[in-house]
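Report on the structure
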Amino acid sequence: MGPVLGLSHDWHRARALQRSGKGKPPPLVAAGLDVELVPRATGYERIVKVGGMAIVFGAFPPSLADFVGFARARLFLQPEQARALDPVLRTRILALWAWLPGLRQDCYLEFDRATDEAHAWCLMPDGAHQLDLSVEQPALDAAFLEALVLTGPTSWGGEGGLGKLTERFGNHHLLVAARVAERLDRRSRDPRGTLELAHAAWPRLSERDETGWADLAEQVHPWAAVQLGRLALRLGLTRAARVLLMRADGTDAPPIAWFDLGQANEALDDLPAAVAAFVHYVGIRASDPDGWRRLLICRLRQGDLQVADEALRRWREAGGKDDDLAERLISQVMPSRMRLHERAAISGWLGARLDGPLAASLTAEALVEACCNAVDPERAEALRAAWELARPAIAEDAARLGEADLPTLAARADALARTALLALPLLARPHPAEEAPSASDLAGNAQRALSLWCEFRLKLGLRWLAVPQWLERLAAAAHG
């Protein structure tokens, strides 16, 4: 006996296309079917009419038996909800497709209200396999529970729904991972509390040892590995987080997993991998300015200045504010342990495009004072002395640069000084991969930042000039 709705039907063909990788099938779909017998010269012909179809949101059965119960109970809809699905629910047969991502196939059910009989099939690439509903199907039940978790929070029923599922199925590792995901979204600032929750399935996880986390990467379901990776990242276990989050490629991971993978790669200085992860993220969440901001910084650190323009434009289109980016440049980017050429690209290229917001939030004078307050007294004294000698020389260089789109000579001098100061690692230690740079290395790098600034603001470069003396003095003070 085959399905009432033949496998050649348009809807089955559509699901087959989605299973082939050209689309992501919706988790649960309902259809109403009626069967008519039309007299023909040779007898009666059976005609199937589809009354309506609908995607079912916010619910998914955790087992095959629940799937049958779901159909028998009219999708557990309230009367007002049921009225909206009258074309589906008032037909004789209720058909349901449940997408099981772990098996990469649908479970298809037809429940006949007239006879109270249910028939189910697994729809596979090579055809349909009918199921015996009177026999337990543990492998299929496991696939249903997996699919429930992977459909996301709307199907879990929130924390309360996960609690009831846990009471029924125990501390199944996917359910524990779902509770971890739920708590990460609600209480992201309490990763230690979330770790205690994860101990229900993985009691040996520790916030001090990354080995136990990384060892789980290939032992647990990829989706569970992703949630543990998100938690590891928030506990500061960056290497373990990356290993776990790399499993996102093998499952229906939430978009935030790609953002977190980008963060982990960036923290570990794997910029190509960070760019790839952030590109994947903005491909899913193009409206999130944070994704474009992180991609922009990675592009600049790699020296990809031409494509950085695109990231900056998309960041602004997504609602990113220049004031916010300027604040992050000063408070987060500049104290980081970056390579010198990365610091020059960010200070010069991005600083030129954020001159107004940077000037409004932090003048060069204020930046020097902030640095002096953060270092030891001897170094602070040397920096202040170098700054006092540099100020008139900076003003002279600013006057020789010609007209600019800055309102005053003072604003131009302030922008030059700020660009140079941001390029000098005044607030950060040298990058571990670079040996302790000399004062001349620091000065030459700051000169590159000034060149990038001038190319954008003045449409000319400073590469033909020697490093000015005032910059050498500031670099010597920064070098300590």
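The model shown is predicted, which means the values in this text are computed figures rather than measured ones.

Quick word on the pairing of strand β6 (residues 127-131)
Sheet faces and side chains relate simply in a regular strand, where the side chains alternate between the two faces. Here strand β5 (residues 117-124) pairs with β6 via five bridges, running antiparallel. Its bridge partner being in β6, W121 is matched across the sheet by Q130. Once β5 ends, the chain turns through two residues before running back antiparallel as β6.

Looking at the state of the cysteines
Summed over all chains, the structure comprises zero disulfides. Left unpaired, C372 is separated from the closest cysteine sulfur, that of C371, by 6.9 Å.

Topic: the environment of A410
Residue placement: A410 occurs in helix α22 (residues 409-423). As a C-alpha pair, A410 and R339 span 71 residues in sequence and 30 Å in three-dimensional space.

Regarding the side chain of N445
Its location among the elements puts N445 in helix α23 (residues 439-457). N445 sits in the buried class, given a relative accessible area of 0%.

Considerations on helix α24 (residues 469-479)
Burial in α24 covers these residues: W470, L471, L474, A475, A477 and A478. Projected down its long axis, α24 shows its buried positions confined to an angular sector of 160°, all on one face. Buried residues in α24 make contact with α21 (377-400), α22 and α23.

What to know about the nonpolar core
One finds W202, W213 and L350 to be the most contacted residues of the largest nonpolar core, which totals 145 residues. The contacts of L350, once residues within four sequence positions are left out, are L296, I297, L300, L325, L329 and A345. V4, I93, W121 and L123 belong to the second largest nonpolar core, which has 11 residues in total.

Quick notes on the sheet that holds β6
Pairing in this open sheet of six strands is antiparallel, and the strands run β2-β1-β3-β4-β5-β6 from one edge to the other. In this open sheet, the two edge strands, each paired with only one partner strand, are β2 (43-55) and β6. Pairs of neighbouring strands in the sheet enclose a mean axial angle of 25°, with direction left out of account. Examined bridge by bridge, strand β4 (residues 105-112) and β5 share seven bridges and lie antiparallel to one another. In the strand pairing of β5, E110 is matched with H119. Along the sheet, helix α2 (residues 64-72) contacts β1 (28-40), β3 (93-100), β4, β5 and β6; its crossing angle with β4, the most-contacted strand, is approximately 45°. Against the sheet, helix α5 (residues 138-151) makes contact with β3, β4, β5 and β6, and its axis sits at roughly 80° relative to β3, the strand it touches most.

A short note on the layout of surface pockets
Looking at the second largest pocket, its volume works out to about 310 Å³. Looking at the lining of the second largest pocket, the elements with two or more residues in it are α13 (255-267), α15 (289-302) and α17 (322-333). Grouping the constituent residues of the lining of the second largest pocket by class yields five nonpolar, four polar and six charged.

Reading guide: rules and limits
- Residues numbered from 1 in each chain as written.
- Predicted model: local features only at pLDDT ≥ 70, side-chain atom pairs only at ≥ 80, totals over all residues.
- Heavy atoms only, no water.
- Pairing = 2+ DSSP bridges.
- Helix = DSSP H or I, 4+ residues; strand = E, 2+ residues; numbered from the N terminus.
- Disulfide = S-S within 2.5 Å.
- Buried < 20%, exposed > 50% of the residue type's maximum accessible area, 1.4 Å probe, protein only.
- Arc of directions from axis to C-beta.
- Contact = heavy atoms within 4.5 Å.
- Core = buried A, V, L, I, M, F, W, Y, C linked by side-chain atoms within 4.5 Å.
- Axes fitted to C-alpha atoms, helices over the stretch in contact; angles between N-to-C directions.
- 1 Å grid on protein atoms, 1.4 Å probe; cavity = no way out; pocket = protein on both sides within 12 Å on 5 of 7 lines; lining within 4 Å.
- Points joined across faces, edges and corners; volume = space filled by probe spheres on them.
- Nonpolar A, V, L, I, M, F, W, Y, C, P; charged D, E, K, R; others polar.

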